[in-house]
Amino acid sequence: MENSFPLLSLITFLPAVAGLALAPVRAERSGLVRWGALVVSFAVVVLSAVAWAGCDGTPAMKFLEDHDWVRKFDIHYKVGLDGISLAMVALTAILMPMAIAASWKQSNGFLVALLFLETGMLGAFVALDLFLFYVFWEAMLLPMYLLIGIWGGPRRIYAAVKFIVYTIAGSVLMLAAILYCYSKAGTFDVLELQRVLPQLEIVRNAGSWLFLAFGLSFAIKVPMFPFHTWLPDAHVEAPTAGSVILAGVLLKMGAYGFLRFAIPFFPQAAREFTPLAIALSVTGIVYGSLMSMAQSDIKKLIAYSSVAHLGFVMLGIFSGSLSGAQGGVLQMVNHGLSTGALFLLVGIIYEKTHRRGVDDFGGMAKVMPVYATFFMIVTLSSIGLPGLNGFVGEFLVLFGSFQEHRVATAFASLGVVLGAVYMLKLYRDVFFGPVTMPEREKAGDVGGRELAYLLPITALIVLLGILPNLVLAKTEESVSRVVDLLNPKVHQAANHEPK
Amino acid sequence: MSLSEQDLRSILPALALIVGALVAAGVDVFFNRDKRSSASEFVSYAAIVVSLITVVLPLLKTEGAITGFQEAVTLDSLALFLTLALLAATGLMIILSADYLKDRGVPPGEFHGLVLFGASGMILLVQAQELVTFFISLEILSLSLYVLSGLFRKDPRSNEAAVKYFVAGAFATGFLLYGMAFLYGSTHSLRFDEISQVVRSAPSPLATLGFSMVAVGLAFKVGAVPFHMWVADVYEGAPTSVTAFMSVSVKAAGFGAFVRLFLRTGMSQSEVWGTVLAGLALATMIVGNLMALSQRSVKRMLAYSSVAHTGYVLAALASLRKATPMVRDEASAAAVFYLFAYTFMTLGAFAFVIWAGKGGKDAEDLDDYAGLAKRRPWAALAMTVFMISLSGIPPAAGFFAKFIVFKAAVAAQEYGLVIVGVLSSAVSVYYYLRVAVYMYMHEPPAPTEETPSPNVGMVVIVSALFTLYLGLMPGRFLEQSYRAISGLVGR
């Protein structure tokens, strides 16, 4: 299997190559760039489907590619796919055409930046060499920075600078930790490090610091509760496609980092920090929900709801139970779809009216009935209505964490209730009641282009609600290996065995 | 004393430049006014090409070092590798200055002669293994640069720069000479290897004092905190092409000499020395980056950025104090690689300051960059490459250079240096990307006449491409950096 057909490299670099090719196209020929970007993103979807079919759910890495990069330091270009990264690659691939379709009226540079961003994200998900991962992890910040800073709202520069300084401040400490691990283990190979690091005495002693260095960088990205302040700014100022990708994929990068690096590298430290992680997750859930209730800007409301949803993801991952962690991973996908869809929907009315305050709208259900229907389905998915995708994820998370962390679960359940409150309140204010501004009536309902991306994403929301096993079956074995590292019972049993 | 063939071969790269400098200086006399500049430019390029050939051939052949003049100079792999960077910087600088000279009426022969003399001093400085040669080559380069920074005789800022540079430089020279006197007095030798033997067998406080003063002199030249006061004013006042030249090449040559002196004399192993260097490195990284934060002039920002980068190179050298042989190789090679990468990204950034200028004025203020990406998207992209490279964001050369410096420091267990290093480079992201903010995110002013020079554009593009190449495929030049220091240590 190794080095046979470079499927993952093709998936990863196709968008960047297309971006390079489309960059010199003149501004007048924007049709070429739009269709080019769309076709390429569809090609990535098809290739990811091939990868999806090739992953059978065993925890071993598939589609491995391994080449020397910098021989002197044993840095490799090594990529591979397991259940967790497969789910993330698929999510990225699916959201991308929708983001491109939603940016149909943007300039060429915007679409080129989106393509480069896709390469950065896919690369970070498939990288199995720490150096390679770090390169992708940092490199993807730049296109996002430009997307927010050039094409964003009125306070875009502030938001873009805050975004990049926050994330880089977190990741440089991770760089120091990566170098420390290399100096002790002598390799950048992620699989090798996962095997070697937990057994090194010296690394175990410094484990708390190393876990914190990795964890801080990922916690900023998630974002976990006290490190979330960049998110509302970035979301509010970002253009629609930027918000979709930011919420849909970039935030998952943090949770993915915990699953792939922080927990497997330093399991002992991860167990020690579990209470803190759970406390922060639950605080994030409650705080995010309360903040959402107080927002008058729809985008800001969704941004804070992301803080709450990602709290569920982190609660699931750190719950130490397979069902909780599986729920967390499923919730990563769900949140990508639901929140992505919400941002797409808000983008539609923003494009039509250039407003996005809750009070700016009223009675929209009369004016835009089809739009209102889509919004309803997505709202219900976000709340966690049974039959839609959000329910399965949230249920698994709460179910899994209840066994070990009852109080935390009780507070987290409060978040579910609050989630229903703010989302339904939003829906009531925007869609029911009298039409506040008569000129809204002329806005018209969703058109063909909007339908083209709303239909598939809504279909996926329903599909995953009915058949969550599509994702869960692929991720189960990979997730369970991480969960075992966190579960104190499994560990005590293993420790006592030899005696 | 007779000259042998080996003597000549050992200084061939510098000799080619010196001959070129003499011919170029004569051009003003022998040619009429309108042919002078092209004639002396041609002479300079010819000299650089010849010199480049004498460097590249031995680099490819991987033969041993050539020493000459009773081992006063050596043409080893360190000298060859850094000379490569120095020659590239010299060549690119001359391309940069071409239009500049015509507009300002600077005598071309004088200018090219001075540049080539300065470059020859730099090359000899990296080659020197003996204190007098070391001193003389340092003075050749310094004197050329004093004059060059005052090149615009009618511009008060240029004059101020020249005077400041001269006074600060003279001060540093005093330290240097005094230190050398102490070293000679305590060891009875001027040669690095003999000094090393004496110091190792019987360390004396006098020798340590001598080393300290030599180090202070060099710290002045490379602009390490607290000897950095002159940097911002001189860099701002000097003609931009000269600033570009001195910011990269003095650093490469000065640090090259420092590495040789440091490793050859065994001072790198000294605990006292390591501590002093670590202190200098910490102060330089912190102060350089913090001062750069508040600059509105891009030239001043780049000046403080060059101070900050001095700090990263010093951090690599400070890691030598407790190092095992393997780590020692790694840290010294990291310093050399850093200098090499720094040369191209900084030269490119200064070249862009000229390129983005309009109406005969360089783009010094941040406001000059507003909306540049709308008018010249590719140029803005090139500048963005330099900025992300300088701030250490992958995939540009600056990232890999910082990466290996920190990697060596971690291996040497210098965790304090690493933490301060990574945090200060996170701070630097703010001021480097502010240039990108202005270029991409601010509205352009009313359109004005712009005639970007194609020559300068070529320098910018070449530097940007090389910066990216060095970041993506660092393997070959990393091997060269290792080879460069292999002859210096532990033999």
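A quick note: this is a predicted structure, and the numbers were derived from the prediction, not measured.

**Student:** Sorry if this is basic, but what is going on with the overall build of chain B here?
**Tutor:** Along its length, chain B carries 20 helices and 2 strands. A globule of 491 residues ought to have a C-alpha radius of gyration of about 23 Å, and chain B, at 21 Å, matches this closely. Seen through its C-alpha atoms, chain B measures out along the principal axes to roughly 70 × 55 × 40 Å. Here chain B holds 491 residues, and 62% of them are scored as buried. Sequence-distant contacts, at least 24 apart, represent 80% of the contacts inside chain B between residues at least 6 apart.

**Student:** Explain the overall build of chain A to me, please; I cannot follow it from the model alone.
**Tutor:** Helix and strand counts for chain A stand at 22 helices and 2 strands. A compact globule built from 499 residues would reach a C-alpha radius of gyration of about 23 Å, and chain A, at 22 Å, matches this within 12%. Principal-axis analysis of the C-alpha atoms places the extent of chain A at approximately 75 × 55 × 40 Å. Within chain A, buried positions represent 62% of all 499 residues. When contacts within chain A are restricted to residue pairs at least 6 apart in sequence, long-range pairs at least 24 apart make up 80% of them.

**Student:** Where do I start with the interface of chain B and chain A in this structure?
**Tutor:** You'll often see interface size given as the accessible area lost when the parts meet. Chain B puts 25 residues into the contact, and the matching count from chain A is 25 residues. Looking at the side of chain B that touches chain A, the elements that each hand over two or more residues are helix 17 (397-411), helix 18 (415-441) and helix 20 (475-486) of chain B. The residue inventory of the side of chain B that touches chain A, partitioned by class, reads 21 nonpolar, 2 polar and 2 charged.

**Student:** Help me understand the packing of helix 15 (residues 322-353) of chain A against helix 20 (residues 448-466) of chain A in this model?
**Tutor:** Pairs of packed helices are described in terms of their axes, by the angle between the two and the distance that separates them. Residues and elements named next belong to chain A. Look at helix 15 against helix 20: their axes get within 10 Å of each other, and the N-to-C directions meet at 150°. When the axis of helix 15 is compared with that of helix 20, the two are roughly antiparallel. Where helix 15 crosses over helix 20, the two elements pack in a sense that is left-handed. Here N334, L337, S338, G340, A341, L344 and I348 of helix 15 lie close against helix 20, whose contacting residues are E450, Y453, L454, I457, T458, L460, I461 and L464. Across the contact of helix 15 with helix 20, the residue classes tally to 10 nonpolar, 4 polar and 1 charged.

**Student:** Explanation requested: helix 1 (residues 7-22) of chain A in the structure shown.
**Tutor:** In an α-helix, one full turn covers 3.6 residues, which means residues spaced three or four apart are oriented alike. Residue and element names in this part refer to chain A. Along its 16 residues, helix 1 runs 22 Å from first to last C-alpha, staying within 8% of the 22 Å computed at 1.5 Å per residue. Largest kink in helix 1: about 40°, centred on F13, with the proline P15 one to four residues after it. Inspection of helix 1 places L8, I11, T12, P15, A16, A18, G19 and L22 among the buried residues, and these make up the whole buried set.

**Student:** What is the right way to read the confidence of the model for chain B from this model?
**Tutor:** Any residue range with low pLDDT should be treated as having predicted coordinates unsuitable for detailed reading. Residues and elements named next belong to chain B. Here chain B averages 88 in pLDDT, while 98% of its residues score no lower than 70. Within chain B, no element has a lower average pLDDT than strand 1 (residues 66-68), which sits at 83, and none a higher one than helix 13 (residues 298-318), at 93. Here the complex is predicted with pTM 0.92, and the ipTM for its interfaces comes to 0.91.

**Student:** Honestly, unusual backbone geometry in this entry has me stumped. Any pointers?
**Tutor:** When glycine is set aside, most residues are seen to have a negative phi, and most peptide bonds are trans. Residue and element names in this part refer to chain B. Residue P226 is reached from V225 by a cis peptide bond, and omega for that bond is 5°. You can see P226 is positioned in the loop between helix 9 (205-222) and helix 10 (229-237). Along the chain, P394 connects to P395 via a cis peptide bond; the corresponding omega equals 5°. Residue placement: P395 occurs in the loop between helix 16 (377-391) and helix 17.

**Student:** Sorry, what's going on with the pairing of strand 1 (residues 62-70) of chain A here?
**Tutor:** The side chains of a regular strand alternate between the sheet's two faces. Inspection of the sheet shows strand 1 of chain A paired to strand 2 (residues 75-81) of chain A by 6 bridges, in the antiparallel sense. Across the sheet, residue H67(A) finds its bridge partner in strand 2 of chain A, namely Y77(A).

**Student:** Would you mind going over the pairing of strand 2 of chain A with me for this structure?
**Tutor:** Extensive coverage of strand 2 of chain A is indicated by the burial of 6 of its 7 residues. Hairpin connection, strand 1 of chain A to strand 2 of chain A: the antiparallel pair is bridged by 4 residues, and D74(A) has positive phi, about 60°.

**Student:** How should the packing of helix 3 (residues 83-102) of chain A against helix 12 (residues 240-265) of chain A be read in this particular structure?
**Tutor:** All names here are of chain A. Packing of helix 3 against helix 12 brings their axes to within 9 Å, and their N-to-C directions diverge by 170°. When the axes of helix 3 and helix 12 are compared, the pair comes out roughly antiparallel. Seen from helix 3, the contacting residues are I84, M88, L91, T92, L95, M98, A99 and A102; seen from helix 12, they are T240, A241, V244, I245, G248, V249, K252, Y256, L259 and R260.

**Student:** What am I meant to see in the environment of E443(B) here?
**Tutor:** All names here are of chain B. Within the fold, E443 resides in the loop between helix 18 and helix 19 (454-472). E443 gets classed as exposed once you count the C-beta atoms within 10 Å, which come to 7. Here the alpha-carbon distance between E443 and Y369, two residues 74 residues apart in the chain, equals 9.7 Å. Sequence-distant contacts of E443, defined by excluding residues within four places in its chain, comprise A370 and G371.

**Student:** I would appreciate a short explanation of helix 19 (residues 406-431) of chain A in the present structure.
**Tutor:** Residues and elements named next belong to chain A. The terminal C-alpha atoms of helix 19, which comprises 26 residues, lie 38 Å apart, in line with the 38 Å expected from a rise of 1.5 Å per residue. Listed as buried for helix 19 are A408, T409, A412, G415, V416, G419, Y422, M423, L426, D429, V430 and F431. At its buried positions, helix 19 is contacted by helix 13 (267-293), helix 14 (298-318), helix 16 (364-367), helix 17 (369-383) and helix 18 (389-402). Once helix 19 finishes, G433 follows within two positions and takes phi at roughly 80°, a positive value.

**Student:** For this particular structure, what's the right way to read the environment of A46(B)?
**Tutor:** All names here are of chain B. Within the secondary structure, A46 sits in helix 3 (residues 33-61). According to the C-beta neighbour criterion, A46 is partly exposed, with 15 such atoms within 10 Å. Taking C-alpha positions, A46 is 9.1 Å from L17, a pair spaced 29 residues apart along the chain.

**Student:** Mind showing me how you'd approach the environment of G121(B) here?
**Tutor:** All names here are of chain B. By the element assignment, G121 lies in helix 5 (residues 108-127). For G121 and L80, which are 41 residues apart along the polypeptide, the C-alpha to C-alpha distance reads 14 Å. Setting aside chain neighbours within four positions, we find G121 in contact with S137, I140, L141 and S144.

**Student:** Would you mind showing me how to read the confidence of the model for chain A here?
**Tutor:** When the pLDDT values of chain A are averaged, the result is 87; 96% of them are 70 or greater. Every residue in residues 493-499 of chain A scores below 50 in pLDDT, and together they form 0 contacts with partners more than four places removed in sequence or on other chains.

About the criteria used
Residues numbered from 1 in each chain as written. Chains lettered and ligands numbered in written order. Predicted model: local features only at pLDDT ≥ 70, side-chain atom pairs only at ≥ 80, totals over all residues. Helix = DSSP H or I, 4+ residues; strand = E, 2+ residues; numbered from the N terminus. Rg over C-alpha atoms; globule rule 2.2 N^0.38 Å. Buried ≥ 20, exposed ≤ 12 C-beta atoms within 10 Å, placed from the backbone. Contact = placed C-beta atoms within 7 Å. Nonpolar A, V, L, I, M, F, W, Y, C, P; charged D, E, K, R; others polar. Axes fitted to C-alpha atoms, helices over the stretch in contact; angles between N-to-C directions. Parallel < 35°, antiparallel > 145°, perpendicular 65-115°, else oblique. Left-handed = near helix turned anticlockwise from the far one by under 90°. Expected span 1.5 Å × (residues − 1). Bend = angle between axes of the 7 residues up to and from the residue. pLDDT = per-residue confidence, 0-100. Pairing = 2+ DSSP bridges.

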